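Observations on the three-dimensional arrangement
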Amino acid sequence: MRLFVILLCVFYASISFGQNPDNSNKQATIKADILSVMKAQERAWNNHDLEGFMQGYWKSDSLKFYGSRGITYGWKNTLNNYKKGYPTKAESGTLKFVINTITQIEDNSYYVMGEYHLTRPVGNANGVFLIIFKKINGKWKIVADMSC
């Protein structure tokens, strides 16, 4: 009986304080996976590989990008906008993301809030973003992006 009470107290304490090591490890792995996608995007951008950069996005007509020109629907349209806005390495420059938070929405979706910083010969550009990642076919993809 005494052992049962001790185990019950330990179980209650772990629930009360949110200390679930399995969940913490899962969250850490997911966040690392999402950050890995964003690091790959930085590398592609910094090589002026806009198609490589777009590999982080869901390749679907349902992708949504909301920026200074309003909403763009679809992967191809978003890529075309990037190609128009950043036609050369001088315009695309060097990208650095600053991630402020990665937060779970539900099991297979997270939002990321952060900043982007472009260092470029034609003038630096900085802004903020909120992107939504969803796990699709075993890979984390951006399904919605609001950058300004």
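Residues numbered from 1 in each chain as written. Predicted model: local features only at pLDDT ≥ 70, side-chain atom pairs only at ≥ 80, totals over all residues. Heavy atoms only, no water.

**Details of the pairing of strand E4 (residues 109-119)**
Filter applied, for reference: Between any two strands, pairing holds if DSSP finds at least two bridges. In DSSP terms, a helix is any run of H or I states spanning at least four residues, a strand is any run of E spanning at least two, and both are numbered starting from the N terminus.
Bridging between strand E3 (residues 94-106) and E4 involves eleven bridges; their strand directions are antiparallel. By the bridge assignment for E4, Leu95 is matched with Leu118. What sits between the antiparallel neighbours E3 and E4 is a turn of two residues. When E4 meets strand E5 (residues 125-136), the two strands line up antiparallel, connected through ten bridges. By the bridge assignment for E5, Tyr111 is matched with Ile132. Connecting E4 to the next strand, E5, in antiparallel fashion are five residues, including Gly123 with a positive phi near 120 degrees.

**Description of the layout of surface pockets**
The test is simple: Think of a 1 Å grid over just the protein atoms. A cavity is a set of points where a 1.4 Å probe fits yet cannot get out, a pocket is an open set with protein on both sides within 12 Å along at least five of seven lines, and lining residues have an atom within 4 Å of a point. Grid points are joined across faces, edges and corners, and a volume is the space filled by probe spheres set on the points. Ten residues, namely Ala, Val, Leu, Ile, Met, Phe, Trp, Tyr, Cys and Pro, are considered nonpolar, four, namely Asp, Glu, Lys and Arg, are considered charged, and the remaining ones, Gly among them, are considered polar.
One number sums up the size of the largest pocket: a volume of about 560 Å³. Mapped onto the lining of the largest pocket, the elements with two or more residues apiece are helix H2 (21-46), strand E1 (64-67), strand E2 (70-73), helix H4 (75-85), E3, E4, E5 and strand E6 (139-147). Tallying contributions element by element places H4 first for the lining of the largest pocket, with four residues. Taken together, the residues of the lining of the largest pocket break down into 15 nonpolar, nine polar and two charged.

**Here's the deal with unusual backbone geometry**
Put simply, the test is: Each residue gets one of three labels from its accessible area relative to the maximum for its type: buried under 20%, exposed over 50%, partly exposed in between, using a 1.4 Å probe on protein chains only.
We note that His48 has phi near 50 degrees; this positive angle belongs to a residue other than glycine. Residue placement: His48 occurs in the loop between H2 and helix H3 (50-53). Residue class for His48 comes out partly exposed when judged on its relative accessible area of 25%.

**Re the side chain of Ser147**
To keep it simple, the criterion reads: By definition, residues are in contact when any of their heavy atoms lie within 4.5 Å.
Tracing the sequence through the fold places Ser147 in strand E6. Excluding residues that lie within four positions of it along the chain, Ser147 makes contacts with Phe65, Tyr66, Gly67, Ser68, Tyr116, Val128 and Phe129.

**A few points about the nonpolar core**
Soluble globular proteins tend to bury their nonpolar side chains together. Under the convention used in this document: Within this scheme, the nonpolar core is defined by two criteria: the residues are buried Ala, Val, Leu, Ile, Met, Phe, Trp, Tyr or Cys, and they are joined through side-chain atoms within 4.5 Å.
With 27 residues, the main nonpolar core has Ile34, Phe53, Met54, Tyr57, Tyr82, Val112 and Phe133 as its most contacted residues. For this core, the secondary structure elements donating two or more residues are H2, H3, H4, E3, E4, E5 and E6. Residue contacts for Phe53: discarding those within four places in its chain leaves Gln41, Ala44, Trp45, Tyr82, Leu95 and Phe97.

**As for the pairing of E2**
Pairing between E1 and E2: four bridges, direction antiparallel. From the neighbouring strand, Tyr66 faces E2, where its bridge partner is Ile71. In textbook terms, the turn of a hairpin is the stretch between consecutive antiparallel strands, and for E1 and E2 this stretch comprises two residues.

**Observations concerning the packing of aromatic side chains**
Basically, it comes down to this: Within 6.5 Å between ring centres, the rings of Phe, Tyr and Trp (the latter by its six-membered ring) count as paired, and their orientation is classed by plane angle as stacked under 30 degrees, edge-to-face over 60, tilted in between.
Evaluation of the coordinates by the stated rule reveals nine aromatic pairs. Taking the centre distance of 5.9 Å and the plane angle of 75 degrees together, the rings of Phe65 and Tyr82 count as edge-to-face. Of the two residues, Phe65 is situated in strand E1 and Tyr82 in helix H4; the sequence distance between them amounts to 17 residues. On the accessibility criterion, Phe65 (15% relative accessible area) is buried. Judged by centre distance (6.2 Å) and plane angle (40 degrees), the rings of Tyr82 and Tyr86 are tilted. Exposure remark for Tyr82: the relative accessible area of 11% places this residue in the buried category.

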